[in-house]
Structures are given as C-alpha cells and as structure tokens.
Amino acid sequence: MGSEKEIYQKRFEKHLDELKWLYMELYDAPEMFDELCSTMEKVYCERNDSLKALDLEREADPEWFKGNDMLGMMIYTNLFGGTLKGVEGHLDYLQSCGVNYVHLMPLMESPKDRSDGGYAVADFRKVQPELGTVDDLEHLAHSCHKQGMSLCLDFVMNHTSEDHEWAKRARAGEKEYEDRYFFYDTWDIPEEYEKTVPQVFPTTAPGNFTWLEDCKKHVLTTFYPYQWDLDYRNPVVFNEMMYNFLFFANLGIDVIRIDAVPYIWKELGTSCRNLPQVHTIVRMMRMIGEIVCPGILLLGEVVMEPAKVAPYFGTVEKPECHMLYNVTTMATIWHTVAVQDIRLLRKQLDAVYCLPKTYTFLNYLRCHDDIGWGLDYDQLEGWDMMQVPHKKYLNDFYTGKVWESFSRGELYNDDPVTKDARFCGTTASMCGVEAALETEDKEAMEQALRLDLTLHAFMLQQAGIPVIYSGDEIGQLNDYSYKEEPAKAVDSRYVHRSSFRWELAGKAKEPDTIQGKIFKGLRQLETIRGTHESFTAQAHAETIGWDDDSVLGIMRTGGTERITGIYNFSRSEKTVSWIGGGKNLLTGEDGAPEGYVTLPAYGFIWLREEI
Ligand code: GLC
C-alpha cells in the first residue's frame, strides 16, 4: 500500500480520462474541470483517517453491502428520535430490530412550512436546527459505524428550496444565479415544455412552472412551486453540487440516495426524464466517489417503469448506481394482494431474476412516498385489466371502498383529467389491521397480521437489501392528524408519516399483542434470511406456479440447500401439491409429509430442502 497521496493518485488516474471526456462532452469547460479536480483532492485530504481506512476496507471487499444479513430501515429523525442525538440514543432499538442500514430522511435545512418533507433544501451544509447540527450528524455516523451500521442520507440534487441562497440571489436579479435555474421572462418556452413534460404532482402542484410575481419571471418547478429545478447545463451547478455531495461523504454518510435522479437533465421537446445526460452525470458522480471516497455507495431513486430502471446500474465497465429501488415489484405485490392473481407478479419476478446477480435492489413494501400504480398495463390489458378502471379498482380496494376490501388509506394526487391517482397508507393499515380493530373482528385481525407477515416474508425472500419503513415492524397504523396542520393537510403522504409510537414499541416484547406478533414474526424471518445460503445474492432464484393463479412459489437454491417460499395471495385457504418435502423453516416440522401444502388465506410457508 502506498502513501495517502499515492493512493489518491492511483484512483484519480484510473478514472481521469473517462471523467475528463464526459465532462468536456457535457460542458467543454476545461477551467471548471480543473477546479473540480483540485477540489476533489482537497476534499480527499480533509477526509478523516477512520473514513479513509473504511474506504480501503470496502475497496478491498467491493461486495461489502451485498450480504444476506443486510437489513435496512427508513426513519424520520424528528418522528423517531426527536433530534439526531435522540436517534443516536435509540441505536440500541434499531439493533434489536436487526437493522444495520439506516436511511435517515432528509434533514438538511428546509423551510418549515414549504419543505416537501425535507426535500426542499435551503442549505446543503446545515442541519435543520430543531434536529441538531452537522456535528451531531457526524457523531451519529461515527456511532453507527462503531455498531456496524451504515447510514444513508438523501442528496436532493434536482432542485433547491426557493429559500436557498442561490434562489434568493436569482430572485433578486443576479444573472449568475438565474443561470443556475430555469428562468424565463415570457411564457413562450415554458409553454413548449408543458407540451411534452408530464406532471409529478398534478393536483397538489399543477404545472411545471411557477410565476414569480416579484421578479416577473417563470421558473421551472417540476415538484412543488417552492422547489426550483437546478440547471445542470451549467457546469457551476454540477461542480457545486458535487462539492455538496462530497461534503456529505466526509461527514461519514455511507449511502447517498440520489433523489429524483431521472429528472436532473431537461431538454425542450422531451419528457425531461431519463435523458442520456442524466446517465453521464451519474457516471461522473460514481467516478468522483470512487476517487475521493470509494467507501460510499450511490442509491438511485428511480421510480420509473422497469425498462428505465436497470440502465441506472450502468454497465460492468462503466457502472453508475450501486443500488436501486425495486419499485415495480413493490407496486406489483400490492396489485397482487388486491386482485388475488399472481400472474403479473410472476412475470415481473421472472424478469428481475434474469438480471445480472451483481445488481443490488432495495426491496420494500412501503416507504415515505405514495404508491403509484406503475404496472405493466400492456400485459394486464391482455388479461382484460384495462389501465384506467384497474387503477380505480386498486384505489377503491385500498381506500376500503369495495366490499371485499380490508384496507384503509387515502388517495394521493387524484387527477381529474387523467383519472390517475396514487395511494398512501401504512403496511399494517393496508393489510387490514386498522379495519379489524375498528370492527373488533378477531378472524379479520388474524388474517391481517398473517398478510402483513406474508408480504414481509415475500420481500425478504428477494435478493438485495430489504428495507423496513419505520413503524412497520410494530404494525403502526395510518394517522389522520396531518389534516389539522395546514402545511401538510393537502399532502396525504403524511398519513403514513407519523411519530414513532414508542409506547407501542414497548409492547413488541409481549407475544400476544399486535406489535409482538409482527415484531417477533419479522425477527424470525430476518434471522432465517441472514443465516441461510439460499438468501445470498448469488443463489439461483426462480418462480414456480400451480394451476391456481393465486398461489406463487419462489425457489432459491444456494450451496447445498433449496428454500421454497409458497405464498397464498387469495382470501381463501389453498392446498397445492408439494412433493419436495423439506422442513418448515418457521416451525421446524416436516414441510409436506402428505405431498401437499395447505395455506390459510394470505398465508405462506418457507420450506428448506437439502440438495
Ligand atoms: C422524491 C422523494 C419525494 C419528493 C420528491 C421531490 O421522489 O421521494 O418525497 O417529494 O423526490 O424531491
């Protein structure tokens, strides 16, 4: 191993040609490139010794984040621990959940009443004062590392808050800052954009532009009007944002979640999504990371149809993101629960299982956002499930409007024009726990809890990193109190963004409570996952089916074992043949002594065979 300088030089030289090539292709600005390079070196020199040691360790073991014992949790600092110090004080709880990867939701400075849950950043170098300080964040990252946990933080790079210094100066008429956003004096160009750019928040924030009355300009605001899109055609924007990214890295953040990444490049006449330049930028970020702080990972937030997602991994020679969300599988799981038909889910998984095993997906059931019904409608329409009525059915089902439904929740961005709406709610409420409590129906409660665990088991049987949304481990329900807060009332995503109920977490130790049943059930599944070779990323996975389209099997083969999960996605008991035998991993009993398996409504079984 060489000196620190040599280590840096080696990494730099490895990527220099490609980095320079891409940078020049995009910007043709040699001085700005030099500035980028010298700042990178400076940031490397400032990086502390323990992070540099971690970089070397991870460089030597590039698969460090791919173990089957990885378990993530998404947490809002204020809702879970009050402050960053509070979160640090609760790391023992996270450990008791088996969590070794913590995603802290956005926490950098953001205007209180115009924050989009923290996704409108006013200062990338300051923590929201009520949550603590940058030092607290650094301290927390350090404590996480000591306990073998990695920390993930959002890097909101598509836009800034209108309260960001750049935005304020742009608004005040400083040309240099106007050039960091998309500012227009007249409606001509915005009008052209509006012809091809779809809307993200059609009802809560219609249109893609906002008129600024004070300076008489239109500004591009893909999300909320107070989130101003940055113009990455300007190399200053790219450089400065890279410095912010490296600032996060030097605080000890392990995983950088690149928020809304498909949106970062805009081009008139296009949808302004997934443009080739986005990939150039992500590739450059990957190289910058590998040069300065190779221990960090890039997680792309690509909430797009399947064909658009995998390209964000890049290629073997030119990788982009280390990890992506398995968003289509997530939405398809919920579709399957509602329609009791596994065909689409099977097709989706067959496609995922064909992807290279080096791709790492984050699997999840719920997160802080709504569920968009981004399903494979070409296929569904072939089975007579037409897009508009099907979305309506799913929304009716999950809001509890149809008789067969047990779910509770709320619509999100219900667009009267496209008739499209998304859905919000917690896992437990969607599985029927809330409704069963309302009706005090014991049988319904049993089914709800079973479904909750079945879906988690299903998620845990997929390769990649399972991520639990904080509160789901104790079956937390929807919380409708956001409607009383004017700044939140229009945004139904807050129905599943409520304070962590510590008093309920206390009940997780009592086996007969809702919390105890979910918590204990999850821990058992997670422990099995973490200790069996069939759950590794290298294991071979395939789906299996029966005549009955409501039962799906997932078979994973690794080393000398095969683990088969059989999942009943219907509201009635099902029996399917199973001649494989094996042991029921949850009970230790013989799996199918009679040659078949009977599963209760929404039940599952994990069977292990020696091969
Ligand atoms: C991402 C976030 C979402 C936010 C949006 C705008 O999609 O997950 O919560 O509203 O970006 O930053």
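Cut-off values and rules
Residues numbered from 1 in each chain as written. Predicted model: local features only at pLDDT ≥ 70, side-chain atom pairs only at ≥ 80, totals over all residues. Heavy atoms only, no water. Pairing = 2+ DSSP bridges. Helix = DSSP H or I, 4+ residues; strand = E, 2+ residues; numbered from the N terminus. Axes fitted to C-alpha atoms, helices over the stretch in contact; angles between N-to-C directions. Contact = heavy atoms within 4.5 Å. Near = heavy atom within 4 Å. Polar contact = N/O pair within 3.5 Å; in protein donor to acceptor, adjacent residues only side chain to side chain. Areas by Shrake-Rupley, 256 points an atom, 1.4 Å probe, with all protein chains shown as cover. 1 Å grid on protein atoms, 1.4 Å probe; cavity = no way out; pocket = protein on both sides within 12 Å on 5 of 7 lines; lining within 4 Å. Sits in = over half its atoms within 2 Å of the grid points. Nonpolar A, V, L, I, M, F, W, Y, C, P; charged D, E, K, R; others polar. Expected span 1.5 Å × (residues − 1). Buried < 20%, exposed > 50% of the residue type's maximum accessible area, 1.4 Å probe, protein only. Phe/Tyr/Trp six-rings, centres within 6.5 Å; stacked < 30°, edge-to-face > 60°. Lys NZ or Arg CZ within 6 Å of the ring centre and 35° of its normal.

Draft legend 1. Layout of the sheet that holds strand E17 (residues 465-469). On the basis of which strands lie adjacent, the closed barrel formed by eight strands has the order E1-E2-E5-E11-E12-E13-E14-E17 and parallel pairing. Direction aside, neighbouring strands of the sheet carry axes that sit 25 degrees apart on average. Judged from the four bridges that link them, strand E1 (residues 72-75) and strand E2 (residues 101-104) form a sheet pairing that is parallel. Looking at the pairing, Met 74 lines up with His 103 of E2. Strand contacts of helix H20 (residues 442-460): strand E14 (360-364) and E17, with the helix running at about 150 degrees to E17, the strand carrying the most contacts.

Draft legend 2. Main features of the site of the ligand. Taken together, the neighbourhood of the ligand is formed by 13 residues, with Asp 116, Asp 259, Glu 301, His 368 and Asp 369 sitting nearest. Interatomic distance of 2.7 Å between a side-chain N/O atom of Asp 116 and an oxygen atom of the ligand. Within the side chain of Arg 493, a nitrogen or oxygen atom sits 3.1 Å from an oxygen atom of the ligand. Coverage of the ligand by the protein amounts to 95% of the 310 Å² it exposes when considered alone. Here the ligand is seated within the largest pocket. Per-class residue counts for the shell around the ligand are three nonpolar, three polar and seven charged.

Draft legend 3. Local environment of H20. For H20, built from 19 residues, the straight-helix expectation of 27 Å at 1.5 Å per residue is met to within 8% by its first-to-last C-alpha distance of 27 Å. Counted residue by residue, H20 has 14 buried out of 19 residues, so it is predominantly covered. Residue Asp 441 occupies the N-cap position of H20, its side-chain oxygen lying 3.1 Å from the main-chain nitrogen of Glu 443.

Draft legend 4. Layout of the packing of aromatic side chains. Under the counting rule described, the total for this entry stands at 45 aromatic pairs. Aromatic pair Trp 373 and Tyr 398: ring centres 5.8 Å apart, planes at 15 degrees, arrangement stacked. In this pair, Trp 373 is assigned in the loop between E14 and helix H16 (377-382) and Tyr 398 in helix H17 (residues 387-398), connecting sequence segments 25 residues apart. Given a relative accessible area of 3%, Trp 373 falls into the buried group. Each residue in the set Trp 334, Trp 373, Tyr 393, Phe 397, Tyr 398, Phe 406, Phe 423 and Tyr 602 is aromatic and connected to the rest through ring pairs, giving one cluster. Seen from the ring of Trp 166, Arg 180 lies directly overhead, with NZ or CZ sitting 4.6 Å from the centre. A cation sits over an aromatic face here: Arg 497 above Tyr 494, 5.0 Å from the ring centre.

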